[in-house]
Amino acid sequence: HRHRIEHASVTPPDCLERLAKRKICVTAQPQFVTSDTWTADRIGPERTAWAYPFKSMLGAGVPVGLSSDCPVEKLDAFDCLAAAVGRHAWSPDETLTVEEALQAYTMGSAYCGGREKVQGSLTPGKVADFVVLPDDPTKLATDEIRHLRAERVFIDGKSVTRESAVGV
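Rules and cut-offs
Residues numbered from 1 in each chain as written. Predicted model: local features only at pLDDT ≥ 70, side-chain atom pairs only at ≥ 80, totals over all residues. Heavy atoms only, no water. Pairing = 2+ DSSP bridges. Helix = DSSP H or I, 4+ residues; strand = E, 2+ residues; numbered from the N terminus. Axes fitted to C-alpha atoms, helices over the stretch in contact; angles between N-to-C directions. Core = buried A, V, L, I, M, F, W, Y, C linked by side-chain atoms within 4.5 Å. Buried < 20%, exposed > 50% of the residue type's maximum accessible area, 1.4 Å probe, protein only. Contact = heavy atoms within 4.5 Å.

**Details of the sheet that holds strand β1 (residues 4-6)**
Strand order in the open sheet made by the three strands is β1-β2-β3, with parallel pairing throughout. The open sheet terminates on both sides in strands that have one partner only, identified here as β1 and β3 (64-66). With strand direction ignored, the average angle separating the axes of adjacent strands in the sheet is 20 degrees. As defined by bridge partners, strand β2 (residues 25-28) adjoins β3 across three bridges and the pair is classed as parallel. The residue of β3 that forms the bridge with Thr27 is Gly65.

**Side note on the nonpolar core**
If you look at the biggest cluster of nonpolar residues, it comprises 31 residues, and the most contacted ones within it are Met57, Val62 and Leu66. Of all the secondary-structure elements, those providing two or more residues to this core are α1 (13-21), β2, α2 (31-35), α4 (54-60), β3, α5 (77-85) and α6 (98-112). Ranked by the residues each element gives to this core, the list is headed by α5, at five residues. Dropping the residues within four chain positions of it, Met57 is found in contact with Ala8, Thr11, Leu16, Val26, Val62 and Val64.

Written out as structure tokens, the structure reads:
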């Protein structure tokens, strides 16, 4: 097991340095960036700059996995991805690229959960959990990503119905 912090909602630079130095994983929820509209009012302007600093976490070398935090937020992988790449106006410098978000959502989450040897990428010897999408998310606008839906879902290499695969 790896040491892991859920949320890490407000993480100033000194905290990021300590997390990175100790290789403490952060499981973050991008949807909070768009749903926590109260952030600036509750924590003040100085600390708001440190709220949900996903780009800074990655830049500091903090292992980051993304999740939905269901049932607090809806279980929707594409809404989560869209929130990571289409952040709230108070923190545009912390926006992730689609590639960074996908990496954190797949390999990052597998690493944080200690499952990187069996999950997180389509690599020989790992379980084949993947989806077939109608469009390339790296070429879509945030709202288009949010409305993506899987055409096919595979769990452990076997095709399953979309309805039985929660969150896709």
